[in-house]
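A look at the structure
Here is what each chain is made of, one letter per residue.
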Amino acid sequence: MPVNTSRTRHRQKSGPTRGQRYCCHARQHLELVVGDRVLWEAKQHMKGWITSCEPRDTLIERFSHGRSTKLMAANVTALVIVVAPKPAPSRHLINQYLIAATIFGCTPIITLNKFDLMTAGDTSDCIINQYETLGFTCLRISTKDQYGLDALAQLLTHHTAILLGQSGVGKSSLVKAWLPDESIVVGGLSNSNDLGRHTTSNSTLYHLPSGGHLIDAPGIREFKLSGRHPIETLSRAFPDIQPKLHTCHFRDCSHQHEPDCGLKAAVQAGELDAQRLSDYLAIISQFGAR
């Protein structure tokens, strides 16, 4: 059974105790993370012992404060990247999430929440349009108006998905819309800077009524991956750039000062957006190894 939270509160999914929660203590040698599949023994008074953890299919991790690796979730198959008109979306953060999806072997789903707050020419909608044009799965939803929630739930039916995004984009509100009886704290934006307040401090796994599992994780403004990664891997998150990498005269072209650079030529010819090239260079500077 999947571990329900980082504090190993477990909800029985099947059997005569279906829907009941047990506060489980893990054996001392176990290092568990939300999403782990575990074996456990029930004890009295709605308590139990987690005795072992099954092998993980995937493990989502990131650098915490640039020093240590923080384990976030296990057995995740989809990353739901949640953005909103406020706080303003960050292309660099979205690209970091797309890189994470590539590295960890997950399906990325970009979701524009708070669609009811959209205005004509809104920057967030323009950003979503760009990723949609590039072939990424993008949805527009509103938990306030219950708009687009069924379409997203349908996509998640066979997934264990994790909600990722800045604080204040409405991740917890999204879970609350599907599970109104859950005790979920929903926050708002700070009046001083339009940034979200942290309302989720621990990751929690929920079983969706339509099928699948959903992990609500604390909001983050930077998703740093550990180590360096091959350019071929990073470029998969840039489908507009990947096929043009082979048009550079130099194999180790940095796309900045070398002559006969295919990417710079594509920008000059109007075949590649200059902002996308800038975004790509920022990513390979942060994560890339040649």
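Above this text sits the structure in question.
The following refers to the structure shown. (Residues numbered from 1 in each chain as written. Predicted model: local features only at pLDDT ≥ 70, side-chain atom pairs only at ≥ 80, totals over all residues. Heavy atoms only, no water.)

Now for helix α1 (residues 91–104). With 14 residues, α1 should reach 20 Å at 1.5 Å per residue; the first-to-last C-alpha distance of 20 Å fits that figure. Burial of α1 is extensive: 11 of the 14 residues sit out of reach of the surface. Taken residue by residue, α1 has Leu93, Ile94, Asn95, Gln96, Tyr97, Leu98, Ile99, Ala100, Ala101, Thr102 and Phe104 as its buried positions. Note on α1: the residue one or two positions beyond its end, Gly105, has a positive phi of about 70 degrees. (Helix = DSSP H or I, 4+ residues; strand = E, 2+ residues; numbered from the N terminus. Expected span 1.5 Å × (residues − 1). Buried < 20%, exposed > 50% of the residue type's maximum accessible area, 1.4 Å probe, protein only.)

We now examine the sheet that holds strand β10 (residues 160–164). Read across the open sheet, the 6 strands follow the order β9-β8-β7-β10-β12-β11; overall the sheet is mixed. Looking along the sheet, the strands with just one partner apiece sit at the ends: β9 (137–140) and β11 (204–207). The mean inter-strand angle of the sheet, taken between neighbouring strand axes irrespective of direction, is 25 degrees. Note: strand β8 (residues 107–112) against β9, 4 bridges, orientation parallel. Its bridge partner lying in β9, Ile110 is registered against Cys138. (Pairing = 2+ DSSP bridges. Axes fitted to C-alpha atoms, helices over the stretch in contact; angles between N-to-C directions.)

With that out of the way, let us pick up the state of the cysteines. Per the stated rule, a full pass over the model turns up 0 disulfides. In this structure Cys248 is a free cysteine whose sulfur lies 4.0 Å from that of Cys261, the closest cysteine sulfur available. Judged by its relative accessible area of 11%, Cys248 is buried. There is no disulfide at Cys253, and the cysteine sulfur nearest it, in Cys261, is 3.8 Å away. (Disulfide = S-S within 2.5 Å.)

Inspection of the entire model under this criterion finds 1 cavity of 30 Å³ or more. Put simply, the largest cavity is a space of about 50 Å³. What lines the largest cavity is Ile81, Val82, Val83, Pro89, Ser90, Leu93, Ile94, Tyr97, Gly165, Gln166 and Val169. Those elements that provide at least two residues to the lining of the largest cavity are β7 (78–83) and α1. Counted by class, the lining of the largest cavity contains 8 nonpolar, 3 polar and no charged residues. (1 Å grid on protein atoms, 1.4 Å probe; cavity = no way out; pocket = protein on both sides within 12 Å on 5 of 7 lines; lining within 4 Å. Points joined across faces, edges and corners; volume = space filled by probe spheres on them. Nonpolar A, V, L, I, M, F, W, Y, C, P; charged D, E, K, R; others polar.)

The pairing of strand β3 (residues 38–42) with strand β4 (residues 47–53) spans 5 bridges and is antiparallel. From the neighbouring strand, Glu41 faces β4, where its bridge partner is Trp49. Where β3 folds back on β4, the antiparallel hairpin that results is connected by 4 residues, among which His45 adopts a positive phi of roughly 60 degrees.

Attention now moves to the packing of aromatic side chains. A complete count under the given rule lists 5 aromatic pairs for this structure. Their ring planes at 15 degrees and their centres at 5.6 Å tell us that Phe115 and Tyr147 sit as a pair that is stacked. Residue Phe115 is found in the loop between β8 and α2 (123–133), and its partner Tyr147 is found in the loop between β9 and α3 (149–155); the two are separated by 32 residues along the sequence. Directly above the aromatic system of Trp49 lies the positively charged group of Arg27, at a separation of 4.7 Å from the ring centroid. (Phe/Tyr/Trp six-rings, centres within 6.5 Å; stacked < 30°, edge-to-face > 60°. Lys NZ or Arg CZ within 6 Å of the ring centre and 35° of its normal.)

This part covers the layout of surface pockets. To find leftover empty space, one rolls a probe the size of a water molecule over the atoms. The space that makes up the largest pocket amounts to roughly 400 Å³. The wall of the largest pocket is formed by 16 residues, among which Ile231, Glu232, Leu245, His246 and Arg251 lie closest to the centre.

The next thing to look at is the pattern of salt bridges. Within the structure shown, the criterion is met by 8 salt bridges. Here Asp57 and Arg37 are joined by a salt bridge, their closest N and O atoms 3.0 Å apart. Residue Asp57 is located in the loop between β4 and β5 (59–64), and its partner Arg37 is located in the loop between β2 (21–26) and β3; the two are separated by 20 residues in the primary sequence. Across the salt bridge formed by Asp125 and Arg140, the nearest N and O atoms sit 2.9 Å from each other. Of the two residues, Asp125 is situated in helix α2 and Arg140 in strand β9; the sequence distance between them amounts to 15 residues. Within this structure, Arg37, Glu54 and Asp57 form a network of salt bridges that share partners. (Salt bridge = Lys/Arg side-chain N within 4 Å of Asp/Glu carboxyl O.)

Attention now goes to helix α7 (residues 274–287). For α7, which comprises 14 residues, the first-to-last C-alpha distance of 20 Å matches the rise-based estimate of 20 Å (1.5 Å per residue) to within 8%. A distance of 2.8 Å separates the backbone nitrogen of Gln275 from a side-chain oxygen at the start of α7, and that oxygen is part of Asp273. (Polar contact = N/O pair within 3.5 Å; in protein donor to acceptor, adjacent residues only side chain to side chain.)

At a minimum axis distance of 12 Å, the contact between α1 and α2 shows a crossing angle of 35 degrees. Crossing angle aside, the handedness with which α1 passes α2 is right-handed. Contacts between α1 and α2 involve Arg91, Ile94, Asn95 and Leu98 from the former and Ile127, Gln130 and Tyr131 from the latter. Across the contact of α1 with α2, the residue classes tally to 4 nonpolar, 2 polar and 1 charged. (Left-handed = near helix turned anticlockwise from the far one by under 90°. Contact = heavy atoms within 4.5 Å.)

From the geometry alone we can't say anything about function, so treat these as descriptive.
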